[in-house]
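Here is what each chain is made of, one letter per residue.
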Amino acid sequence: MRTDLLPLGPEALIQFTNAGLVKRALRELAGGYRPALALDDAATLSARFDDGIEVQWPQGLSIAQSRCNCGANGVCRHRLIAVLAYREQVPADAAPATPALDAVSDAELAATLSPAVLQEAERARAAGLRVELRGRADGEPCDTARLPSATVRYWAGGALAAARCDCLRGSACAHVALGLWAFRAAQGARSVQLGAPATARALDRLPFLAAVDTLLRLGVTHGSGALGQALSQARAASREAAWLALLVAELESWAEAYARRSARYDAADGVDLLAELALRLAAGGQPGQAAAVLGLGQSGETLLDRLRLMTLGARTRRDGAQRQTELVLADLDTGTRLVLRHDWTPPEGSDAAAEAQQRARERLAPGLGLEALAQGQLLAQAAARRPDGSLRLARARSSQNSVLPQAADWQLLGPPVRFDAVAALRREASASPIAALQPRHAARHFVVFTPAPGAVDIAYDPQTQTLLARVEDANGDALGLQRTHQGHLPWALDSLAAGLAGRQGPMRHVAGLLSLQDGQPWLEPWALACDQVLVPDFASQPTGALAHLPLGRPPPADPSAPAEALERLRQHLGQALHTGLAQVPARWAHEGEALAGQLEQRGFSALAARLRPLPGLTAGVARAEAWLQLLALLQLHRDAATQAAFSDEAPLDA
């Protein structure tokens, strides 16, 4: 019996080919176009059709490696019909269990992959990488390995010929071996670090400490030029570490945002970035951790096979006269989130209507309209995926990318993209307690939530110009929705109100960024799946729905909550990064002393002990180290507060 063929149902075959070809094969099989099947002593499947077409599929080979005499390029419908017909003739109760993935021997792996591919996989393992693992119990259709550069699905478990990767090779690639090794090493864990501890190495800290000290001394008010040399040296030092390189680039963008007087600048964002730097540098020095937390050995780009991506939402942000639209898409074959970004400029002095017209004319690539893609799905060839999940499309010709409408059916997606229970959202958030040490992903906090059918509570707060809503899952647990008005998107809240109120049909799914406020999960909606996909940022005219909402207010923040004290410290430290320590007001030190006392009263004695000496420290590496230790501890406390809120436990002092 060919156990490797039994798991290859329509969903699996779609990933090997495309939905249209699989549907055609199903129709022809149902219409009576079926072959005579036979297995020889070597377990080679022969499928002979009445019209003379014959398929030969040896055991241990993938569908792409099987043979058909029809002359088609690539996988043809005859091979699909052959495997579908074979599955039909094997009774479900007679089918043996799929071989376990972690039981595959090295000899079986070597028989599936070429020596050159195995050597490539060994080099990647030696460099070190973290692999996320999920199975059927986690909502995946089969065992799935999510690498930073690719996603592999093992449709037939240990029958590696049925494994499918979204890289350009598609199957029998190095990612198949890496995922297999990860499942072997995981022993039930959801993520595993590959690579021997001896191969991991930490980077030189001095360029990063020098950049931190320069920032503390000058602040961003001196301009990005004054910080340029120190940040460029840190960028050069992080050249081989993907996550550090992305972090330093974001620090540079943060400093430049103030110089441009950008509305997106926030001094406290610098605190978060330096806290992440502190944690990555500290954890990267631990045995065997450098590759995972610093991003050592990550490939710059991975060429992808044919993609079928469904858009789940979009947001347009304003930076002066510039606009940046970010789209989050999901690969229907692997459940992988990817991000597309597009910078554009509306006509000078244009009103909202003229800006909407310009947005409709924007092109992401030849023949690929921005507005059409925001509510549709993308078929792409020759695209490339970066380690942070961002996508680069081919731009050589329009035939490489095409947009089709989508049916707003996100039920096909599962974790880690779509959830239908608030408890599952809590578990997902608890799986990565220290967010700053995870691989940097452009859509890490983006999720789709499927509420229980029924009424949605909606209100509008005119004081903050915020739309508030409350949805529930089947267990009665609530998820809050919150979206604030922005001047360059005048009809976004109105469009969102119309969708939530049911004017576009029942609201089946909501997609957006997940966050935690006072222990409650909240979602900033980017899109709704109703009768069609509704993207508020692309609304081009008012609906009047907002005017009919009842007035409401968001729940007030608890000033005694631990998170509030931590936020005050974050803002206090952000002021020093903004002006530089030499220019901070004299009251800054007194405010820090008072804040240290408040922290001690809340039980944050370690934070208070590190905060008090800051004003008296002299410039240099020692001061930078002291600041990084404080910022790292602050971030750990904030993460602990988030975890405790999700698990309804009080945070503890570290």
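All of these numbers come straight from a predicted model, not from anything done at the bench.

## Some thoughts on the overall build of the chain
Along its length, the chain carries 19 helices and 27 strands. Here the C-alpha atoms of the chain give a radius of gyration of 27 Å, agreeing with the 26 Å that 2.2 N^0.38 yields for 654 residues. For the chain, the spread of C-alpha atoms along the three principal axes comes to 90 × 65 × 50 Å. Split into buried and exposed, the 654 residues of the chain put 52% on the buried side. Taken as a whole, the chain presents about 27,700 Å² of accessible surface, with 51% of it coming from carbon and sulfur. Between the averaged position of the 64 positive side-chain charges in the chain and that of its 67 negative side-chain charges there is a distance of 4 Å.

## Observations concerning the pattern of salt bridges
Tallied over the full model, the rule gives 33 salt bridges. Put simply, Arg612 and Glu593 hold a salt bridge, and the shortest N to O gap is 2.9 Å. Placement of Arg612 in the loop between helix H18 (605–611) and helix H19 (621–647) and of Glu593 in helix H17 (residues 587–601) is noted, with a sequence separation of 19 residues between them. The class of Arg612 is partly exposed, set by a relative accessible area of 32%. Overall, Glu593 belongs to the partly exposed group, its relative accessible area being 41%. Through salt bridges with shared partners, one network takes in Asp269, Asp272, Glu567, Arg570 and Arg638.

## Section: the sheet that holds strand S16 (residues 376–380)
Spatially, the five strands line up as an open sheet ordered S13-S12-S11-S16-S19, and their pairing is antiparallel. Whereas interior strands pair on both sides, the edge strands pair on one side only; in this sheet they are strand S13 (336–344) and strand S19 (401–405). Ignoring strand direction, the axes of neighbouring strands in this sheet form an average angle of 35°. When strand S11 (residues 307–319) meets S16, the two strands line up antiparallel, connected through four bridges. Bridged to Arg308 within S16 is Leu379.

## Focus on helix H15 (residues 492–500)
Among the nine residues in H15, nine count as buried, and that is most of the element. Among the residues of H15, Ala492, Leu493, Asp494, Ser495, Leu496, Ala497, Ala498, Gly499 and Leu500 are the ones counted as buried. Those residues of H15 that are buried lie in contact with strand S22 (457–461), strand S23 (466–472), strand S24 (478–484), strand S26 (520–529) and strand S27 (533–534).

## Comments concerning the pairing of S23
Of all seven residues in S23, five are buried; the element is thus mostly enclosed. Two strands pair when backbone bridges link them, and S22 and S23 are joined in this way by five bridges, in the antiparallel orientation. When the bridges of S23 are listed, Tyr460 appears paired with Leu467. Between the antiparallel neighbours S22 and S23 lie four residues, among them Gln465 with a positive phi of about 55°. Looking at chain direction, S23 and S24 are connected through seven bridges and run antiparallel.

## Considering the packing of aromatic side chains
What the rule picks out here adds up to six aromatic pairs. Note on Tyr154 and Phe183: the rings are 6.0 Å apart at their centroids and 90° apart in plane angle, and the pair reads as edge-to-face. Highlighted residues: Tyr154 in strand S7 (residues 151–154) and Phe183 in helix H6 (residues 174–186), separated in sequence by 29 residues. The same class applies to Tyr154 and to Phe183, which are both buried. Relative to Tyr265, the ring of Tyr258 has its centre 5.2 Å away and its plane inclined at 55°; by these criteria the two rings are tilted. Its relative accessible area of 17% is what places Tyr265 among the buried residues. Members of the aromatic cluster, connected to one another through ring pairs, are Trp254, Tyr258 and Tyr265.

## A few points about the confidence of the model for the chain
Confidence in the prediction for the chain averages 86 pLDDT; 93% of positions are at 70 or higher. When the criterion is pLDDT under 50, residues 648–654 qualifies, and its contacts beyond four places in sequence or with other chains add up to 15 contacts.

## Examining the sheet that holds strand S18 (residues 391–392)
With antiparallel pairing, the three strands of this open sheet are ordered in space as S10-S17-S18. If you trace the sheet from one side to the other, it starts and ends with strand S10 (302–303) and S18, each paired once. Across two bridges, the pairing between strand S17 (residues 384–385) and S18 is antiparallel. Among the inter-strand pairings, Ala384 is bridged to a residue of S18, identified as Arg392.

## Points about the side chain of Gln377
For Gln377, the position within the fold is in strand S16. Of the polar contacts made by the side chain of Gln377, one reaches the backbone oxygen of Pro405; its length is 3.1 Å. If near-sequence neighbours (up to four positions away) are discounted, Gln377 is found in contact with Arg308, Leu309, Met310, Leu332, Ser402, Val403, Leu404, Pro405 and Gln406.

## Some thoughts on the state of the cysteines
All chains considered together, the criterion is met by zero disulfides. Left unpaired, Cys76 is separated from the closest cysteine sulfur, that of Cys68, by 3.6 Å. A residue is classified by how much of its surface remains accessible, and Cys76, at 5% relative accessible area, is buried. Among the cysteines around Cys167, which has no disulfide bond, Cys165 carries the closest sulfur, lying 3.5 Å off.

Analysis parameters
Residues numbered from 1 in each chain as written. Predicted model: local features only at pLDDT ≥ 70, side-chain atom pairs only at ≥ 80, totals over all residues. Heavy atoms only, no water. Helix = DSSP H or I, 4+ residues; strand = E, 2+ residues; numbered from the N terminus. Rg over C-alpha atoms; globule rule 2.2 N^0.38 Å. Buried < 20%, exposed > 50% of the residue type's maximum accessible area, 1.4 Å probe, protein only. Areas by Shrake-Rupley, 256 points an atom, 1.4 Å probe, with all protein chains shown as cover. Lys, Arg positive; Asp, Glu negative; His and termini not counted. Charge placed at Lys NZ, Arg CZ, Asp CG, Glu CD. Salt bridge = Lys/Arg side-chain N within 4 Å of Asp/Glu carboxyl O. Pairing = 2+ DSSP bridges. Axes fitted to C-alpha atoms, helices over the stretch in contact; angles between N-to-C directions. Contact = heavy atoms within 4.5 Å. Phe/Tyr/Trp six-rings, centres within 6.5 Å; stacked < 30°, edge-to-face > 60°. pLDDT = per-residue confidence, 0-100. Polar contact = N/O pair within 3.5 Å; in protein donor to acceptor, adjacent residues only side chain to side chain. Disulfide = S-S within 2.5 Å.

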